[in-house]
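Summary of structural features
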Amino acid sequence: MELRVRTAKGFEVKIRDFEVVDIRRVMEIEVDSSLDGDAGLYLELQDEWPEGFLVAEREGRVVGFIVVILTPEGEGRVFSLAVDSRFRGRGVGRVLLKAAFGVLRKRKIWYVELEVRVSNSIAMGLYNRMGFMEVGFFPYYYKDGEGAILMKKVL
Ligand SMILES: CC(C)(COP(=O)(O)OP(=O)(O)OC[C@H]1O[C@@H](n2cnc3c(N)ncnc32)[C@H](O)[C@@H]1OP(=O)(O)O)[C@@H](O)C(=O)NCCC(=O)NCCS
């Protein structure tokens, strides 16, 4: 996919499929966002389902990304979402989520879920505003012992 969008906050970005050359920028944003993933896993996920890995590009530079995967139950799952800290609060996260939901709907997938750290109130606020509901809690979910809230949305 490739689409030019203006966020609700008037910020223009291009949303397009991830390409292997983007991995360095994706990992920079990942590490800066204190997420747990590794480059090998990201490349494997892209190989398995390329449509599920999208990046947001601004003036030729990747400023955010989202990875959605398919669960064994045939539902969607947000595996990872992050925006370069210098570009947050401009609606990029929201348009990445919307674009990924479009990819899932095209596949006739009607549910999407995700886990979020209990302390990540910014992400949780965004997910709540986008229609996610809290449906579960996993204590000690992350490597550092923090719990995760499981959220789900009907697409
Ligand atoms: C979560 C994340 C992807 C959101 O990206 P983003 O581009 O800033 O998202 P948006 O601009 O679309 O929306 C962010 C919302 O949080 C609000 N927000 C942003 N920064 C905030 C802050 N410092 N304090 C409070 N609210 C804030 C914004 O006002 C916005 O709300 P709105 O849509 O009602 O206006 C980004 O914060 C991020 O990369 N965080 C680190 C990685 C992470 O936590 N990923 C999610 C893992 S589950």
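Bear in mind that the values here come from a model prediction, so they are computed numbers and not experimental data.

**Quick look at the overall build of the protein chain**
- Within the protein chain, the regular secondary structure consists of four helices and eight strands.
- Mapped from its N terminus to its C terminus, the protein chain presents α and β elements in the order β-β-α-α-β-β-β-α-β-α-β-β.
- Taken against the 2.2 N^0.38 rule, which gives 15 Å for 155 residues, the C-alpha radius of gyration of the protein chain at 15 Å falls within 12% of a compact globule.
- Expressed as lengths along the three principal axes of its C-alpha atoms, the size of the protein chain is roughly 40 × 35 × 35 Å.
- Counting the 155 residues in the protein chain, one finds 49% classified as buried.
- Considering only contacts in the protein chain between residues 6 or more positions apart, those separated by 24 or more positions represent 59%.

**What to know about the sheet that holds strand β6 (residues 111-117)**
- Across the sheet, which stays open at both edges, the eight strands sit in the order β1-β2-β3-β4-β5-β6-β8-β7 with mixed pairing between neighbours. Among the strands making up the open sheet, the edge pair consists of β1 (2-6) and β7 (133-138). When strand polarity is set aside, the average angle formed by the axes of neighbouring strands in this sheet is 25°.
- Of the strand pairs in this sheet, β1 and strand β2 (residues 12-17) are connected by five bridges, and their pairing is antiparallel. Considered in β2, the bridge of valine 5 is made with valine 13.

**Digging into the nonpolar core**
- Ile66, Leu97 and Tyr127 are the most contacted members of the largest nonpolar core, which has 35 residues in total.
- For this core, the elements supplying multiple residues, two or more each, are β2, β3 (53-58), β4 (61-70), β5 (76-83), α3 (92-106), β6, α4 (121-129) and β8 (148-154).
- In terms of residue count, the dominant contributor to this core is α3 (nine residues).
- Once you skip the residues sitting within four places of it in the chain, tyrosine 127 turns out to touch Leu81, Leu97, Leu114, Val116, Phe132 and Met151.
- Core analysis: the second largest hydrophobic core is formed by 13 residues, Phe18, Ile29, Leu45 and Ala82 among them.

**Quick look at the packing of α3 against α4**
- Axis separation between α3 and α4 bottoms out at 11 Å; the angle between their running directions is 50°. One way to sum up the angle between α3 and α4 is to call them oblique. Considering the relative orientation of α3 and α4, their crossing is right-handed. Packed against α3, whose contacting residues are Gly93, Arg94 and Leu97, the element α4 presents Leu126, Tyr127 and Arg129 at the interface.
- When the residues that make up the contact of α3 with α4 are grouped by side-chain class, the tally is three nonpolar, one polar and two charged.

**Some points on the site of the ligand**
- Contacts to the ligand come from 20 residues, most closely from Lys9, Gly89, Gly91, Asn120 and Arg129.
- At a separation of 2.6 Å, an oxygen atom of the ligand approaches a polar side-chain atom of asparagine 120.
- Elements with a minimum of two residues in the shell around the ligand: β5, α3, β6 and α4.
- Among the elements that make up the shell around the ligand, the one with the highest residue count is α4 (five residues).
- Here the residues of the shell around the ligand sort into nine nonpolar, five polar and six charged.

**Section: helix α1 (residues 23-32)**
- Among the residues making up α1, those that are buried are Ile23, Arg25, Val26, Met27, Ile29 and Glu30.
- At its buried positions, α1 is contacted by α2 (39-48), β3, β4 and β5.
- After α1 finishes, the residue serine 34 shows a positive phi value of roughly 55°.

About the cut-offs
- Per chain, residue numbering runs from 1 following the sequence as it is written.
- Predicted model: local features are reported for residues with pLDDT of at least 70 only, side-chain atom pairs are reported and counted for 80 or more only, and whole-chain, interface and lining totals are derived from all residues.
- Side-chain measures were taken over the full set of non-hydrogen atoms in the model, leaving aside hydrogen atoms and water.
- Secondary structure follows DSSP: runs of H or I at least 4 residues long count as helices, runs of E at least 2 residues long count as strands, and numbering of each begins at the N terminus.
- Just to be clear, the radius of gyration here is over C-alpha atoms, and the globule rule we use is 2.2 Å times residues to the power 0.38.
- Using a 1.4 Å probe on the protein chains alone, a residue whose accessible area is under 20% of its type maximum counts as buried, one over 50% counts as exposed, and one in between counts as partly exposed.
- Note on contacts: a residue pair is in contact if any heavy atoms of the two residues lie within 4.5 Å.
- Whether two strands pair comes down to DSSP finding at least two bridges between them.
- Here an angle of 0 to 180 degrees is reported between the N-to-C directions of two axes, which are lines fitted to C-alpha atoms, with helices fitted over the stretch in contact.
- By nonpolar core we mean a set of buried residues, namely Ala, Val, Leu, Ile, Met, Phe, Trp, Tyr and Cys, connected to one another through side-chain atoms within 4.5 Å.
- When an angle is under 35 degrees it counts as roughly parallel; over 145 it counts as roughly antiparallel; between 65 and 115 it counts as roughly perpendicular; any other value is oblique.
- By convention the crossing between two helices is left-handed if the near helix lies anticlockwise of the far one by an angle smaller than a right angle, and right-handed if it lies clockwise.
- Residue polarity follows a fixed list, in which Ala, Val, Leu, Ile, Met, Phe, Trp, Tyr, Cys and Pro are nonpolar, Asp, Glu, Lys and Arg are charged, and the others, Gly among them, are polar.
- We call a residue near a given molecule or strand whenever any one of its heavy atoms falls within 4 Å of it.
- Here a polar contact is taken to be a pair of N or O atoms separated by no more than 3.5 Å, where protein atoms must pair a possible hydrogen donor with a possible acceptor and residues adjacent in sequence count only if both atoms sit in side chains.

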